[in-house]
Amino acid sequence: MIEFRSVSKQFPDGTLAVEDFSLTLPSHQTTVLVGSSGSGKTTLLRMINRMVDPSSGAIEIDGVGIHTLEPVQLRRRIGYVMQNSGLLPHRTVIDNVATVPLLRGTPKKNARQDALALLDTVGLDRSLADRYPSQLSGGQQQRVGVARGLAVNPNILLMDEPFGAVDPIVRAELQQELIRLQSELGKTVVFVTHDIEEAFLLGDQVVILREGGRIAQIGSPAEILANPADDFVASFVGADRGKRALHLERRGDGDVLVDSEGRLAGVLVPGGRPHETKAGPFPGPGAPAQGGEPQ
Amino acid sequence: MTWIWSNLDLIWDRTLDHLVLSVPPIVFSFLIALPLGWLANRYRLSRGVILTVSGLLYAIPSLPLFFVLPAIVGTSLRSPLNLVIALTLYGVALMVRVVADGLASVDADVRQSAVALGYSGWSIFWQVELPLSGPVLLAGLRVVAVSTVSLATVGAVIGAQSLGSLFTDGFQRGIEAEIIAGIVATVLVALLLDGALVVLGRVALPWTRPAGSNGAAAREARIVEVTT
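These figures come from a predicted structure and were not determined experimentally.

The rules behind these values
- Residues numbered from 1 in each chain as written.
- Chains lettered and ligands numbered in written order.
- Predicted model: local features only at pLDDT ≥ 70, side-chain atom pairs only at ≥ 80, totals over all residues.
- Heavy atoms only, no water.
- Helix = DSSP H or I, 4+ residues; strand = E, 2+ residues; numbered from the N terminus.
- Rg over C-alpha atoms; globule rule 2.2 N^0.38 Å.
- Buried < 20%, exposed > 50% of the residue type's maximum accessible area, 1.4 Å probe, protein only.
- Lys, Arg positive; Asp, Glu negative; His and termini not counted.
- Charge placed at Lys NZ, Arg CZ, Asp CG, Glu CD.
- Pairing = 2+ DSSP bridges.
- Axes fitted to C-alpha atoms, helices over the stretch in contact; angles between N-to-C directions.
- Contact = heavy atoms within 4.5 Å.
- UniProt positions renumbered as here; feature names shortened; annotations may be inferred.
- Buried area = accessible area lost by both parts, 1.4 Å probe.
- Salt bridge = Lys/Arg side-chain N within 4 Å of Asp/Glu carboxyl O.
- Polar contact = N/O pair within 3.5 Å; in protein donor to acceptor, adjacent residues only side chain to side chain.
- Nonpolar A, V, L, I, M, F, W, Y, C, P; charged D, E, K, R; others polar.
- Left-handed = near helix turned anticlockwise from the far one by under 90°.
- Core = buried A, V, L, I, M, F, W, Y, C linked by side-chain atoms within 4.5 Å.
- Phe/Tyr/Trp six-rings, centres within 6.5 Å; stacked < 30°, edge-to-face > 60°.

When helices and strands are counted, chain B shows 11 helices and zero strands. Compactness check: chain B gives a C-alpha radius of gyration of 22 Å against a globular reference of 17 Å for 228 residues, more than 25% above the reference. Each of the three principal axes of chain B carries a C-alpha extent, and together these read 75 × 45 × 20 Å. In chain B, which comprises 228 residues, the proportion classed as buried is 45%. Both charge centroids of chain B, one from 13 positive and one from 13 negative side chains, sit 8 Å from each other.

Rendered as structure tokens:
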């Protein structure tokens, strides 16, 4: 469990990045901090591994104040995945993954063996082990970044917009991969993004931040969607533009979901699984055969 | 040409002398420029001071320097050590800025990432910043090497034996072939050292290797990802 207690951060240039921030992040769950730039989300994330120290307030991990811990040692037991992968360009894939175990003194042979196994975990072919990061695609680099974050089997995984720089298709793939990994590993994940869709997809707990790290709303995706706390949240999740307010409409070839501006949003499917549409009770006359196929 | 064939031994000896005079300054200037460049890159104040002073070093005319150095360092006027020191100073003048720029060229994201991983202060320098500034350092070192080899010929004027001695001797005795031999040999030594540095860079900086294999690998990687 990670706890922020009245944490503030003022940078030397006077910017108040975070003001009186308190939050509990439950263990083995994914908490997503979501906000625009200037919301202090990355600053909050970096406070957890002491890349940034708060000006006031305290942060505890499992009841231990992290200000009592040595920053370098602390960082070596917390996984960190960043945008643009942050891989060391002069190290091969395998050495990048093995970086932190090596820093912690794991014998080189063991570290490399573990790193190879981690490539499997994140769905990378072992033949890529001796490549340099520049020889990989963006999606592959990001996977290596995740593997590196997992290398010391940390309880906590910090992810700073890890999928922000890859194209939408690869991003969707990586998001699913992370959901799969998380269901297997059950880490305490702190995920920072500006993309509300991503936040709702990945977060058990979603924290919507305003400027200066002020919390606009905390809750599960469903809670936030159903009851936006205020106009800011409503606008942030797109509820004010009618994007989230869907209604059922009967069209010529079946029932479809339409948002309040008349844009098609999808179809209503019993059980929520696309492949069940064919067997469902609602196939309208003349519905296209491929209409319910998963994309 | 007959002069060259009958004096190959002499040319070879002067070439060796030349290497002995020019290789140490290249190495020393790198080793001295490293901490200075680091300091210049680290603080804004030290950057201004160090880069200005080291840049001015290069403006000192070489001949007066050869005569002043013995008085400062306490070497004898004709000691080859004077030349080594003078060439080191010129090398430092060029190299300090290169080191500062090289360290500054390291991607801030990569540095952040190294901090996040748990590299401690000095290990970031040795294991991340220094290797990553390698390509810039190498480029600077190649300039220093060639410039040092060329400058070392001036040593002949103060009696330090080098390929420059072939010019001075050739002028005094009116042997044109000797002058040309000196020039050609100097150029060859410069090319040799430059080539050695390029090879060193390929070995020490394997991730920077350009062209064919890498580009193909990256393309192949993308194809693999698209098709899976």
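Take the sheet that holds strand E9 (residues 205–209) of chain A next. All names here are of chain A. With respect to topology, six strands assemble into an open sheet ordered E6-E7-E8-E3-E9-E10, the strand pairing being mixed. Either end of the sheet is taken by a strand with one partner, and the two such strands are strand E6 (78–82) and strand E10 (215–219). With direction set aside, neighbouring strand axes in the sheet form an average angle of 15°. For E6 and strand E7 (residues 156–160), the ladder comprises five bridges, and the chain directions are parallel. The residue of E7 that forms the bridge with Gly-79 is Leu-157. Across the sheet, helix H6 (residues 138–149) lies against E6 and E7, angled at about 165° from E6, the strand it touches most.

Before going further, it helps to examine the UniProt feature "domain: ABC transporter" (unreviewed entry) in chain A. The feature "domain: ABC transporter" (unreviewed entry), as annotated in UniProt, sits at residues 2–237 of chain A in this numbering. The span residues 2–237 of chain A is 37% helix and 25% strand, and its two end C-alpha atoms sit 26 Å from each other.

We now examine the interface of chain B and chain A. Each partner contributes to the interface: chain B provides 23 residues, whereas chain A provides 28 residues. For the pairing of chain B and chain A, the buried interface totals around 2,300 Å² over both sides, and the portion due to carbon and sulfur atoms is 58%. Counting across the chain B and chain A interface gives zero salt bridges. At the junction of chain B with chain A, the criterion picks out five residue pairs in polar contact (both at pLDDT 80 or more). Sorting the residues of the side of chain B that touches chain A by element identifies helix H6 (108–117), helix H7 (121–132) and helix H11 (212–227) of chain B as the ones contributing at least two each. Residue composition of the side of chain B that touches chain A, by class: 13 nonpolar, six polar and four charged.

To continue, consider the pairing of strand E4 (residues 56–61) of chain A. Residue and element names in this part refer to chain A. Of the strand pairs in this sheet, strand E1 (residues 2–10) and E4 are connected by five bridges, and their pairing is antiparallel. Its bridge partner lying in E4, Glu-3 is registered against Glu-60. Two strands pair when backbone bridges link them, and E4 and strand E5 (residues 64–65) are joined in this way by two bridges, in the antiparallel orientation. By the bridge assignment, Glu-60 is partnered in E5 with Gly-65.

The next subject is the packing of helix H3 (residues 44–57) of chain B against helix H5 (residues 80–104) of chain B. A pair of packed helices can be characterised by two numbers: the angle between their axes and the separation between those axes. Residues and elements named next belong to chain B. Where H3 contacts H5, the axes come no closer than 7 Å and their chain directions differ by 145°. Our pair here, H3 against H5, has a crossing hand that is left-handed. Within the contact between the two elements, H3 uses Arg-47, Ile-50, Leu-51, Ser-54 and Leu-57 and H5 uses Leu-89, Tyr-90, Ala-93, Val-96, Arg-97, Ala-100 and Asp-101.

Of all hydrophobic cores here, the largest spans 49 residues; its most connected members are Trp-3, Ile-11, Met-95, Val-99, Tyr-119 and Val-128 of chain B. Ignoring sequence-local partners within four residues, the contact set of Trp-3 of chain B consists of Leu-10, Ile-11, Leu-166, Ile-175, Ala-177, Glu-178 and Ala-181 of chain B. Grouped together as the second largest cluster of nonpolar side chains are 43 residues, Ala-147, Ala-151, Val-233 and Val-237 of chain A included.

All right, on to the sheet that holds strand E12 (residues 254–259) of chain A then. Strands pair in a sheet through their backbones, by hydrogen bonds, and they do so in one of two ways: parallel or antiparallel. Residue and element names in this part refer to chain A. Pairing in this open sheet of three strands is antiparallel, and the strands run E11-E12-E13 from one edge to the other. The open sheet has two free edges, formed respectively by strand E11 (246–251) and strand E13 (264–266), since each of these has just one partner strand. When strand polarity is set aside, the average angle formed by the axes of neighbouring strands in this sheet is 50°. Pairing between E12 and E13: two bridges, direction antiparallel.

Residue and element names in this part refer to chain B. Applying the stated rule across the entire model yields seven aromatic pairs over all chains. Judged by centre distance (5.6 Å) and plane angle (80°), the ring pair of Tyr-58 and Tyr-90 falls under edge-to-face. Of the two residues, Tyr-58 is situated in the loop between H3 and helix H4 (62–73) and Tyr-90 in helix H5; the sequence distance between them amounts to 32 residues. By relative accessible area, Tyr-58 is classed as partly exposed at 38%. Seen in terms of ring centroids, Phe-125 and Trp-126 are 5.0 Å apart; in terms of plane orientation they differ by 80°. Their pairing is edge-to-face. Given a relative accessible area of 5%, Phe-125 falls into the buried group. Aromatic ring contacts, followed pair by pair, group Trp-38, Trp-122, Phe-125 and Trp-126 into a single cluster.

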